[in-house]
Amino acid sequence: MDKSAKSTLKSLIWTVYFPSFLLAIGQGIMIPILPLHARETMGANELMIGMVVAARHFGTMGFDIPAGVLISMFGLRKTMISGIVLFAIAAIGTALSPNLFLLIMCRLLAGVSYSFWSISRHSYIAINVPYSIRGRSLSFFGGVFRIGTIIGPLLGGVLAEYVNIRTPFFAQAVLAIITLIVVLITSRTISDENIKHEENSSVNNLRSTFLLHKRDFASIGLMAVALQFVRSAREFIIPVLGDDMGLRKDEIGFITTLSFSIDAMMFPIAGIVMDKYGRKWSGIPAFFLMGLSMMIVPFTSTYYMLTIVGLLAGMGNGVSSGLVLTIGSDLAPKKAPSKFLGFWRFITDSGHAVAPMGLGWVAASYTLGLASLLFSSIAGLGIIMLLLFVKEPSEK
């Protein structure tokens, strides 16, 4: 790696990576707790738990395209800051929600906050990072998130078990405030002039962006939806199956932390593989490992078997760290990426949004084992779509 590449990556540490790490801890805190909070505090069944988990992803998906427009109107810095403020408000609202309706509304707001934050960071990297190191920069971005979610679930499980099940959500808000302070200090050097100058926020411009890239959205985007679909299964299956097995909240949090630990260990490998060998060599093992983890869920009845499920899912997630972001950046226009990335995130986030509800519906109507087998088949379809649709730079 040459000096300019190293300098580019170093410049991202305080503006992108460290704030993302803090918010990742905040998001990780609620992964093992939110489904249990909905079940124990509000009496939700599997379908309603799926709706609660999916609400954040629907909020994100619904504001992906508007977030791209707002970035072009107000700039990266203001959009980032707005996302953090909304994240804090959503966390406090989640902690104080007295019923499922308000809980779902707060999770929708959390999704809106995430769309603002994620697309502004993604646009910043797409503009400033050259193709030759894009895989490593975005896998590191994904890896930082994963490292944060190692700490989060363990902390959330301990707080819920030994303090109160609502306490983890207040801890989320505290982390959001710390992140806001960091971003206010470190984002002063971010320039928005290129984005504001190059992009027009009209409806016609949005339409032309979609039409220009509709083939990519319909093919490569569908593959990315399948990847996000199987990735999301872990956040539902580990807490719900663990609770069905009678595990304590801290035990469920520990399994979740192990899953995200192996996930985080894989991100340097993912970046090197994507840059050196191509995007497919990251995606195929990911689909295989996550599909395998879903296949063994029907046979899981012990703490140790659930740990194996979590580790396999973590390996699959980790080996594809940054893959969807990298492919999106590869396809995005260099000078005007935010609207394209808004559409890209809208399409790919649909996998995150629909997956928990799909799992919850099948689990409530039939069994969790059947739901996991259906998700395993989606992983197989994902491999086929990856081979058919995704072209490496050397193939274009």
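Residues numbered from 1 in each chain as written. Predicted model: local features only at pLDDT ≥ 70, side-chain atom pairs only at ≥ 80, totals over all residues. Heavy atoms only, no water.

The helix and strand tally for the protein chain stands at 17 helices and 0 strands. Taken against the 2.2 N^0.38 rule, which gives 21 Å for 396 residues, the C-alpha radius of gyration of the protein chain at 20 Å falls within 12% of a compact globule. Along the three orthogonal principal directions, the C-alpha set of the protein chain runs to about 55 × 40 × 40 Å. Per-residue burial over the protein chain gives 61% buried out of 396 residues. In the protein chain, the share of contacts with a sequence separation of at least 24, taken over all contacts with a separation of at least 6, comes to 86%. Per element, the accessible surface of the protein chain, about 15,500 Å² overall, is 69% carbon and sulfur. (Helix = DSSP H or I, 4+ residues; strand = E, 2+ residues; numbered from the N terminus. Rg over C-alpha atoms; globule rule 2.2 N^0.38 Å. Buried < 20%, exposed > 50% of the residue type's maximum accessible area, 1.4 Å probe, protein only. Contact = heavy atoms within 4.5 Å. Areas by Shrake-Rupley, 256 points an atom, 1.4 Å probe, with all protein chains shown as cover.)

Chain-level pLDDT for the protein chain is 86 on average; 92% of the residues reach the 70-or-more range. Mean pLDDT across the elements of the protein chain ranges from a minimum in helix H8 (residues 193-198), with 51, to a maximum in helix H13 (residues 280-295), with 95. (pLDDT = per-residue confidence, 0-100.)

The grouping of Leu154, Val158, Tyr162, Val163 and Phe254 at the surface amounts to a nonpolar patch, some 480 Å² of accessible area in total. Among the elements that make up the nonpolar patch, the one with the highest residue count is helix H6 (residues 134-162) (3 residues). Here Val158 is to be found in helix H6. (Patch = residues over 30% accessible without salt bridge, like charges linked within 9 Å, V, L, I, M, F, W, Y side chains within 5 Å. Salt bridge = Lys/Arg side-chain N within 4 Å of Asp/Glu carboxyl O.)

The subject of this paragraph is helix H2 (residues 34-42). Of all 9 residues that make up H2, 7 are buried, and the element is covered over most of its length. Residues of H2 that are buried make contact with helix H3 (46-74), helix H4 (76-96), helix H5 (100-128), helix H7 (167-186), helix H10 (214-244) and helix H11 (249-265). Once H2 finishes, Gly43 follows within two positions and takes phi at roughly 70°, a positive value.

Counted according to the given criterion, the structure contains 3 cavities of 30 Å³ or more. In this structure, the largest cavity encloses a volume near 580 Å³. Together, 27 residues line the largest cavity, and Tyr114, Phe145, Arg146, Arg231 and His352 are the ones closest to its centre. Among the elements of the structure, H3, H5, H6, H10, H11, helix H15 (323-331) and helix H16 (337-365) are those that each provide at least two residues to the lining of the largest cavity. Among the residues forming the lining of the largest cavity, the class breakdown is 8 nonpolar, 10 polar and 9 charged. (1 Å grid on protein atoms, 1.4 Å probe; cavity = no way out; pocket = protein on both sides within 12 Å on 5 of 7 lines; lining within 4 Å. Points joined across faces, edges and corners; volume = space filled by probe spheres on them. Nonpolar A, V, L, I, M, F, W, Y, C, P; charged D, E, K, R; others polar.)

The tally for this structure, following the rule as stated, stands at 11 aromatic pairs. Centroid distance Phe210 to Phe217: 5.8 Å. Interplanar angle 20°. Geometry classified as stacked. When its relative accessible area of 36% is taken as the criterion, Phe210 is described as partly exposed. Ring centres 6.4 Å apart and planes at 80° place the aromatic pair Trp361 and Tyr366 in the edge-to-face group. Members of the aromatic cluster, connected to one another through ring pairs, are Phe210, Phe217, Phe340, Phe343 and Trp344. (Phe/Tyr/Trp six-rings, centres within 6.5 Å; stacked < 30°, edge-to-face > 60°.)

Below, the discussion takes up the packing of H10 against H13. Each pair of packed helices gets described by two things: the angle between the helix axes and the distance between those axes. Two elements in contact, H10 and H13, have axes whose closest approach is 10 Å; the angle formed by their N-to-C orientations is 35°. Read as a crossing pair, H10 and H13 show a hand that is left-handed. Each of Met223, Ala226, Leu227, Val230, Arg231, Ala233 and Ile237 in H10 lies in contact with H13, whose residues at this interface are Ala286, Phe287, Met290 and Met294. (Axes fitted to C-alpha atoms, helices over the stretch in contact; angles between N-to-C directions. Left-handed = near helix turned anticlockwise from the far one by under 90°.)

Now for the environment of Glu161. Residue position: Glu161 is located in helix H6. Of the residues examined, Glu161 reaches a relative accessible area of 29% and is grouped as partly exposed. Look past the residues within four positions of Glu161 in its chain and what remains in contact with it is Arg248, Lys249 and Asp250.

We now examine the pattern of salt bridges. On inspection of all chains with the given rule, the structure shows 9 salt bridges. Residues Glu46 and Arg39 are paired through a salt bridge, measuring 3.5 Å at the closest nitrogen-oxygen approach. Of the residues examined, Arg39 reaches a relative accessible area of 18% and is grouped as buried. A salt bridge links Glu40 to Lys249, with the shortest nitrogen-to-oxygen separation between them at 3.3 Å. Of the two residues, Glu40 sits in helix H2 while Lys249 sits in helix H11, which places them 209 residues apart along the sequence. With relative accessibility at 17%, the residue Lys249 sits in the buried group.

Moving on to the packing of H11 against helix H14 (residues 303-319). Between H11 and H14, whose axes approach to 7 Å, the crossing angle comes to 30°. Here H11 is positioned roughly parallel relative to H14, judged by the angle of their axes. Our pair here, H11 against H14, has a crossing hand that is right-handed. On the side of H11, the interface is formed by Glu251, Phe254, Ile255, Leu258, Ser259, Ile262 and Asp263, while H14 contributes Tyr303, Leu306, Thr307, Gly310, Leu311, Gly314, Met315, Asn317 and Gly318. Here the contact of H11 with H14 is built from residues that sort into 8 nonpolar, 6 polar and 2 charged. (Parallel < 35°, antiparallel > 145°, perpendicular 65-115°, else oblique.)

Now for H11. The terminal C-alpha atoms of H11 lie 24 Å apart, and with 17 residues this matches the ideal 24 Å at 1.5 Å per residue to within 8%. Counting buried positions along H11 yields 12 of 17 residues, so the element is predominantly enclosed. What H11 keeps buried is the set Lys249, Asp250, Ile252, Gly253, Ile255, Thr256, Thr257, Ser259, Phe260, Ser261, Asp263 and Ala264. In this fold, the buried residues of H11 make contact with H2, H6, H10, helix H12 (267-276) and H14. (Expected span 1.5 Å × (residues − 1).)

The next subject is the environment of Gly83. Positionally, Gly83 belongs in helix H4. Separated by 231 residues in sequence, Gly83 and Gly314 place their C-alpha atoms 27 Å apart. Sequence-distant contacts of Gly83, defined by excluding residues within four places in its chain, comprise Ser113, Phe116 and Trp117.

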